[in-house]
Every structure is written in C-alpha cells, then in structure tokens.
Amino acid sequence: MTPYRRDTKRPRRGRTRLFLTAFALLAAGLGLTPLDATPASAAPNLISNPGLETLDAQGEFPECFEKSGWGDNDFTYTVTDDAHAGARALRIDLTRRTDGDRKAMMLENECAPKVTEGHQYDLSLWYKSTSPDVAMTLFRHDKTAGWVFWADLNTLPQSGTYARTEVRTPVVPANTDQITWGAALYGVGSLTTDDYAMTDATVVPEPPVDPCEGKGPECKGEWTVQTAPSPVRAIHSVLLHTGKVLLIAGSGNDRDAFAAGTFKSSVFDPVTGKYTDIPTPEDFFCAGHVQLPDGRVLVVGGNKDYASADGTVGYKGLKTSYVFEPRLNKYVKVNDMLAGHWYPSATAMGNGDVVSLGGLGEDAAGTVVNEHFSFAQNKWLPMGEAKQAWSFWGLYPAMILLQDGRLFYSGSHTFGIGLPGTGASVYDYEKGTITDVPGLRKKDERDQSASLLLPPAQDQKVLTAGGGNHTVSPDAHRLVDLIDMKAASPEYVAGPDLPQGKYKDGTFQKGAEGKVYLSAVILPDGKVLETGGALHTYREDPVFEASMYDPATNKFEPGLATDPVPRTYHSSSTLLPDGRVLSVGDNPGDGSFEQRVSLYKPPYFFKGPRPKITSVVSQNWAYGSAQRITVDKPVVKASLIRPAAVTHSSDPNQRLVDLPMTVDGNTIDLSLTSNPNLAPPGWYMLSVVDAKGVPSVSKWVRIGPQGQVAAERVQSYADELAAPHPPGHQGKGKGKGKSVKMPEGYDGCDHAYGKVSTCVPWKFPKKVPVAERCEWLKSKGYGVLDVRRDRHGLDRNKDGKACGKGDFRERRS
C-alpha cells in the first residue's frame, strides 16, 4: 500500500501537529478515580453533529468532521455502528507507522465551535482504543493569523471499552473567535470516538476591574528592603525545595578574600529573615549551578585563580565540583570534571542528567570540552561517554532545553561579542550537530541580556531582552526578540522594546538607551517581571525601572514600582514560593558590593483574597499522570514553576509548565505532561490562579521518577534550515588558538544504523540521490546494517535491515 500523505489542504499544520502532540502531550486520568461522568453544567453543547449521526452530502463521513493527519503511515477511516450511543461512531486504524498521526477533528469552517475571549471550555468525548498513543489536541482561529496551534491536552489511557475523557481549556486568548479539537492516533492500533461535547465552563464573570491608573501597590506592586543585609556577597541565588535560598559568594569578586582562602555561602530564610552560614570549600565565584531531581544543587566549577594584574593571563576555571545538600546544609564533593570551567552553563536534561558547556578552562582559555553529569551514577562522565562537539560556546551561554531534547542557544552570554554565525543555534547534544537559527538583532551586543523560555513551556517560545557590549557600542540597547521554536523554520522576530526608566540623578532614559544586567522572572500568574539593570556593560549608570511582560499579549506594562537598591553587575532576582521576588547583589566598577536584600510583592498581592490549595493528594508525581488537588474557590489555571538557579542575568532552566484541568467543583485533576523534556525531573512549585489573575501560595511537588526519559523525535524544521555546520566551527583547541581536530568517525555521524559506533553520514553528498544511497555506502565498504531509525530511507523494504538485498535500486538492462 502506498502511504497516504496528508491532504494538501493544510500541509504545514499536519507536520506541526505530530511535533506538538506525539511527545509533548499533557496526560490525564491515569490512576485516579474518574470524576463524575456527566458534564459539570447544563450549558449547551457547542459541537455540531456531536454524535456523528449525520453524514455529509456524499454519505461517506460524519458532517462537520474531517480526516486529518500527516506522515508515512498506513491507515483507514471507518464509520462504524460500534457506537457509544446512537447508530454511528468513527474508527481510525493505523496498521503501519514510520512517523505522523491520524486525527478526527472538526472542520475549519462554520462547523468549528465559536468561542469568547477570556472564557474557558470543557471538552469531552467517548472513546476506546487498542493503542496507548492517543491524545487530544487543540487549535484556535486567530482573527489575524488564521488557524494556529493552541495547546496539547490530555493523553488517553488505552481502553477496551468506551471511556469518557474531559479536560478544560486554558483561558481563550485575545483575538480568538473559533477553535477545533479532536483525538489523534500516533501509534499502531485502533481508535474509536463518539459523542463529542463542548460546553462553556466560565463562571458568570464579575464586573470588570478598572485598569490601573493610580500609583498604589495594586497597580505597581511594592518593594521593601530587608533591615539585615546579606552576610555574603551574593553573586548566585538558588531557590531550594525547602523554600530557603542558597546565596553563593565564593570569594565574592574580592581578590583579598581569594588570597586569604575566605569563601562564603549562606542560606536565607525569606519567612524569618534569618541567615545560616555554610562552610564553603572552594571559590565558587562564577560557577555554574542547577537543581538535581532529588533537590540537591550541583555546583559546576568556579574560580581557580584571578586574572593577572597586567591582563596577560585571564581568569582560570576550576575542574572540581560539589553538590549542596539542603538537608545537611553542606557541600559534598563529587568527582572532577574533564576540564576547568569558569562561567559555565548548566542545563537540566529530561533524564535528570546535567550538561555543562562553555566557560574558561584551567589555562584561562575558552574551553571546548562538554561535561555530562549522570544523576543515576552521581558523577561526571569520562571522555568517550560525555558527548563532544568541540565548540566554544562562550561564557554563561544560555542553553535552553527544548521539548525534543535538543538545546537552544539563545544568543545570551557574558562578556565579549556573540559567537560566529547568526548568534543563536540549536545544538543536538546526542548527535553533535549545530544548526544556526536566524533573526537575532545585534547579536554581538547580547552580553548579559536576559533569555527565558516563556510561559507556558508547552508553547516553546523564547524571549531575549536587552544586553550590550561596550567594545561595540557605548550604551546597552532595549531590543527584545522572540522566537517560536515549534515553527517549521524558527527565526527570531522583533518584539516590543524594553520600557525605559530613570538614572540615579532622576533623568529619564532617551532614544535607544536600554539595559544590560537585567533580570527576568516568571511569575505564577504567567507573566514575567523585568527588573534591574544598567546602561553600560562596564558596570556604571544603574537604571531604575521595572515592567511586566505578558506573553499572551506580547506587551510590556511599564511603570511598576522600582527596587530602591541599584541592581547591576552580579545581581539576581528569584521567585519565592509565596509569590514574592527576592533581589540581591550589585557590584559596580569601584569594587564595592551591595549587600542589601530587596523583596517585591507584585500587584496580585493587593487584588483581594488569594485562592488556596487546600490539599494535594500526592507530593510525588509521575509523568503522564493526573494529580488531584482541592482548592477553596474557583480557579482558571494551574501550573508548575521550576525553582530558580540564577546568576549574571542567566537561568536557562527557568520554566512554567501548564497543567490542564479537569474540574468538579473545588476538586481538580491536573494533567502532567508525559514529556520530561518539557519539565525535567525535580521539585516544582505548584500554584493555581483565580479569574482575577491572583495566584495561590505554592505547594512543593516532585515530578519524574529517576531514569524516565522522553521518547526520541526530530523537530520538523531541522531539515529546512541551512545545513548544520560541523561541530568545532567555533572551537579553540586547548586554549592554543587552533581549530579542534575532530575524532575520527564522530563529526556528522548518524548512529541510528548498525552498532552504536557505526558512522553513517548525517548528510549525504548532494550528488547521491536517495535511491542510490545504499550503492554509495556499499562503495565505501558498508554492509547490511540494523536499523533503529531510518532517517535516510535505507530500509526500503521495511525488514529492519538497511542496505539489504531488497533495498538497492533495481537496475534495468
């Protein structure tokens, strides 16, 4: 059978749908007693032909529904009498699948249900399936952009008899007038659906609140400065799952302290205001850090030695590494890394491991050695197990984990100009490929800009704001760039400029003047607080300004209350479990250090009573599960926020994960994603938000059992960008200023064929057609190869063997 390709009506959307549904799905209904099977309200059903009883004019398919999907798979659609109710249901059979999915969804015309901005809707259907690979997915019609993906909803547990699934949508965004949704089958098996329902779940809205035009805290929020200063020069701040904050100074950018071997850390309790000094074994000044799945904090490298006074020798990186134990308030040494690292990144991966890149080595040169910490083994992996691309990523490169397991280098870094190329790239750590991503403006002026994965993480959108480089331009800029990493060919686009503030003398910023050293903090209401910063990258001229960015509207709300303490170089801001934001640090060019601590209450603190999470059934959450909570009043959304580990305007692990809800009064089932790449395992802050945008105080939950990993998949845009350049293109070998020579057989290899060590070219020569790839490989000495994933089409007869007898092109005499 010739594989059916998706109809030409929506070719791009079909590709995106699998990308969005197959491995980034939000699961519900696993392992819990079902909620009441009847709809929560008597609101009318908004679905046309909900029972699939009326057929189209040809009498072949249910009216107002369509066949959709994409990919290389064999399938059939059948209108069957095996119905939940009435005479008809719709069955999809998938008998062979290389990739793609098949769906039953409402047509994108007048059949698509109309919706109201600001409302939420309960979606339900009855189904049975022989495959666990079934999901609900949701699209919306934007009055400007047309039909666009909106959200992944719940995965549906395999069921041999009819079962009902229901989930509540997020709040309908502005500019949306219709939605379409349905069930997708993305694994071999069958799916039968019937009796679709969609009801408006919105509580009768309260009278609209007048927009803030005053100067009170309900509009601007409120800053307070703690009476007791921090006992340490807090260059790093890490929120622990105890609710306390680990403040790391090391030598605190103080040469005298370094010479005396005086290294400091302290744990701050935001509830009591007390500090606990922590013995600090080495100089963690400008180390990397990240939370591990069990709540310990991995500290990566640090400062081996300061730069020489004459500038001929730079800072040197430590190769030692420690883990901070919150239970013991103690640092515990782990094995050394492969190389030294000063200013390294540290990114939590979907399996609980940590990948660390960049920084300066023990010889003060830029290190090209990747480090890989195995959580299961509690150690840094040796060379040969830690994958190497031999590329120099700069200092504190912002490396954000994407939902398919690859890393996005946003272009934010510390010191110097941007890296060669476009300034941003996607790095496939497993395969060693680096693909440039275009569009970042002023890529050489992104020193200590702020980059973050915007809420919710499921949207896969990244914001990069501000930055500078005094060797290129005297002033920091106010540019904000946005990128949708789910797009077929992602590229940065211009966002709204950063709002401008005042200088210490009260004068206003003007023209293109912006900020470097700014902080960006995700809040539990889904907005982003932007605060602090300075005009110059050489640590002068603090800017007093704070604003609120709303990802839903792509706008900044300027004019928030400003931190009365300047926050420039070596400052950081951290969300606390109660919804406040802690800001510490300031290290201007005169060598002084600001040790006052500020706490900010966002405007939601002053908008009435906060909802409460009254119970959480379990504190340990498995991927793909539904977790039951109770609340004291109606709420419109719930989320998880990963605790911060921030320094130098950088926390690449910061993220908010949306939790679709199934609601029965004050009892709510929350659907946790089945993809650990969206929410790497560890402790998270759980919060709910009411209709006024007021969040609850957070509860701590731990997600992801050790060793659970996301399924492999490839983003649809990968082959549509410019060809990936080989690893090592940015490398400086061992600090000697020479290009890195790649190990034989590693550069550009696809290891999905033969043994793990087998190197099939990642990209075949252009002169070799697909049908002749096996002949080309044979001429190079390759034989028959086992297939784990046939990306190159080498297993033409689908027998699990690449370049076997039946895979060569037939030759005609």
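For clarity, every value in this text was computed on a predicted model and none was experimentally measured.

So, on to the overall build of the protein chain. The helix and strand inventory of the protein chain stands at four helices and 54 strands. Burial status across the protein chain gives 60% buried among its 813 residues. If you take every contact in the protein chain between residues at least 6 apart in sequence, the share linking residues at least 24 apart comes to 65%.

This part takes up the state of the cysteines. Per the counting criterion, the structure on display carries two disulfides. Residue pairing for C774: its cysteine sulfur links by disulfide to C803, the two sulfurs lying 2.3 Å apart. One disulfide, between C774 and C803, carries an S-S torsion of -90° and so falls in the left-handed class. Of this pair, C774 sits in helix 4 (residues 773-779) while C803 sits in the segment after strand 54 (801-802), and the two are 29 residues apart along the sequence. The exposure class of C803 is buried, given its relative accessible area of 6%.

A few words now on the sheet that holds strand 9 (residues 176-185). Either a parallel or an antiparallel arrangement is found when strands of a sheet pair, and the pairing is made through backbone hydrogen bonds. Pairing is antiparallel in the open sheet, where five strands are placed in the order 1-4-9-6-7. The open sheet terminates on both sides in strands that have one partner only, identified here as strand 1 (65-70) and strand 7 (146-155). Strand-to-strand twist of the sheet, defined as the mean angle between neighbouring strand axes without regard to direction, takes the value 30°. In this structure, strand 1 lies alongside strand 4 (residues 101-106), joined through six bridges in antiparallel fashion. The residue of strand 4 that forms the bridge with G69 is R102.

This brings us to the side chain of Q178. Of note, Q178 is situated in strand 9. A relative accessible area of 13% means that Q178 is categorised as buried. Engagement of the side chain of Q178 in a polar contact is seen with the backbone oxygen of N109, the distance being 3.0 Å. Those residues in contact with Q178, other than ones at most four positions away along the chain, are N109, E110, A112, P113, K114, V115, R140, H141 and W147.

Under the counting rule described, the total for this entry stands at nine cavities of 30 Å³ or more. A volume near 170 Å³ is recorded for the largest cavity. Contributing to the lining of the largest cavity are 19 residues, with A520, S573, V646, D651 and Q654 lying nearest its centre. A total of four residues in the lining of the largest cavity trace back to one element, the largest contributor, which is strand 34 (residues 519-522). Looking at the lining of the largest cavity, its residues break down into 11 nonpolar, six polar and two charged. Empty space within the second largest cavity amounts to approximately 90 Å³. Lining the second largest cavity, in full, are A287, G288, H289, P344, S345, A346, Y396, P397, A645, T647, S650 and P652. Within the lining of the second largest cavity, the residues separate by chemical class into seven nonpolar, five polar and no charged.

Okay, the sheet that holds strand 14 (residues 264-268) next. Overall, antiparallel pairing links the five strands, which are arranged 15-14-13-12-45 in an open sheet. Both outer strands of the open sheet, strand 15 (275-279) and strand 45 (645-646), are each paired with one neighbouring strand and no more. Note that strand 12 (residues 236-239) and strand 45 share two bridges and pair antiparallel. The residue bridging V238 from the neighbouring strand is A645, located in strand 45.

Turning to unusual backbone geometry, a few remarks are in order. Here the amide bond leading from P455 into P456 is cis, since omega sits at -10°, within 30 degrees of zero. Inspection of the secondary structure puts P456 in the loop between strand 30 (450-453) and strand 31 (461-465). Positive phi outside glycine occurs at D195, with the angle close to 50°. For D195, the location among the structural elements is in strand 10 (residues 189-200).

It is worth spelling out the packing of aromatic side chains at this point. Within this structure, the stated rule accounts for 29 aromatic pairs. Judged by centre distance (5.2 Å) and plane angle (65°), the rings of F258 and Y306 are edge-to-face. Placement of the pair is F258 in helix 3 (residues 255-260) and Y306 in the loop between strand 18 (303-305) and strand 19 (316-317), with a sequence separation of 48 residues. With centroids separated by 5.8 Å and ring planes inclined at 65°, the aromatic side chains of W393 and Y409 adopt a geometry described as edge-to-face. With a gap of 16 residues between them, W393 in the loop between strand 25 (379-380) and strand 26 (399-401) and Y409 in strand 27 (residues 407-409) connect regions that are remote in the sequence.

Turning to its location among the elements, D586 is positioned in the loop between strand 39 (581-584) and strand 40 (598-601). No salt bridge is formed by the buried D586; its nearest oppositely charged neighbour, R567, is found at 6.8 Å. Here T568 takes part through its side chain, which lies 2.3 Å from a polar atom of the side chain of D586. The residues touching D586, leaving out its near neighbours within four places in the chain, are P566, R567, T568, Y569, H570, S592, F593 and E594.

Judged by side-chain charge, D505, E540, D541 and D590 come together as a negatively charged surface patch. Among the secondary structure elements, D505 is positioned in the loop between strand 33 (493-494) and strand 34. Relative accessible area serves as the criterion here: at 60%, D505 is assigned to the exposed category.

Next up on the list: the pattern of salt bridges. According to the stated counting rule, one finds 29 salt bridges in the structure shown. The salt bridge involving D142 is made with R140; its shortest N-O contact spans 3.2 Å. By relative accessible area, which is 10% here, D142 ends up buried. Two residues, K431 and D428, come together in a salt bridge whose shortest N-O distance is 3.9 Å. The pair formed by K431 and D428 is uniform in burial state, with each residue classed as buried. What you see here is one network of salt bridges that share partners, running through D72, D74 and R96.

Atomic detail in the predicted coordinates should be set aside for any region of low pLDDT. Taken as a whole, the protein chain shows an average pLDDT of 86; of its residues, 86% reach a score of 70 or greater. Every residue in residues 709-748 scores below 50 in pLDDT, and together they form 103 contacts with partners more than four places removed in sequence or on other chains.

Time to look at the environment of G783. The topology assignment puts G783 in the loop between helix 4 and strand 53 (785-786). On the basis of relative accessible area, G783 is assigned to the partly exposed category, the value being 39%. Between the C-alpha atom of G783 and that of C803, which follows or precedes it by 20 residues, the distance is 7.1 Å. Aside from chain neighbours lying at most four places away, what touches G783 is A802 and C803.

Another point: the nonpolar core. With 43 residues, the main nonpolar core has L463, L523 and L529 as its most contacted residues. Residues within four places of L529 in sequence aside, it is in contact with S519, A520, V521, L523, S547, M548, L560, V581 and Y600.

On to the environment of V299, then. Looking at the secondary structure, you find V299 in strand 17 (residues 297-300). Classification of V299 as buried rests on a relative accessible area of 1%. The spatial distance from the C-alpha of V299 to the C-alpha of T320 is 9.1 Å, given a sequence separation of 21 residues.

Among the structural elements, L640 can be located in strand 44 (residues 637-641). Taking the C-alpha atoms as reference, L640 lies 9.1 Å from W700; in sequence the two are 60 residues apart. In this view, L640 contacts W621, R655, L656, V657, L659, L672, Y684, M685, L686, V701 and I703; residues no more than four positions away in its chain are not counted.

About the criteria used
Residues numbered from 1 in each chain as written. Predicted model: local features only at pLDDT ≥ 70, side-chain atom pairs only at ≥ 80, totals over all residues. Heavy atoms only, no water. Helix = DSSP H or I, 4+ residues; strand = E, 2+ residues; numbered from the N terminus. Buried < 20%, exposed > 50% of the residue type's maximum accessible area, 1.4 Å probe, protein only. Contact = heavy atoms within 4.5 Å. Disulfide = S-S within 2.5 Å. Pairing = 2+ DSSP bridges. Axes fitted to C-alpha atoms, helices over the stretch in contact; angles between N-to-C directions. Polar contact = N/O pair within 3.5 Å; in protein donor to acceptor, adjacent residues only side chain to side chain. 1 Å grid on protein atoms, 1.4 Å probe; cavity = no way out; pocket = protein on both sides within 12 Å on 5 of 7 lines; lining within 4 Å. Points joined across faces, edges and corners; volume = space filled by probe spheres on them. Nonpolar A, V, L, I, M, F, W, Y, C, P; charged D, E, K, R; others polar. Phe/Tyr/Trp six-rings, centres within 6.5 Å; stacked < 30°, edge-to-face > 60°. Lys, Arg positive; Asp, Glu negative; His and termini not counted. Salt bridge = Lys/Arg side-chain N within 4 Å of Asp/Glu carboxyl O. Patch = residues over 30% accessible without salt bridge, like charges linked within 9 Å, V, L, I, M, F, W, Y side chains within 5 Å. Areas by Shrake-Rupley, 256 points an atom, 1.4 Å probe, with all protein chains shown as cover. Charge placed at Lys NZ, Arg CZ, Asp CG, Glu CD. pLDDT = per-residue confidence, 0-100. Core = buried A, V, L, I, M, F, W, Y, C linked by side-chain atoms within 4.5 Å.

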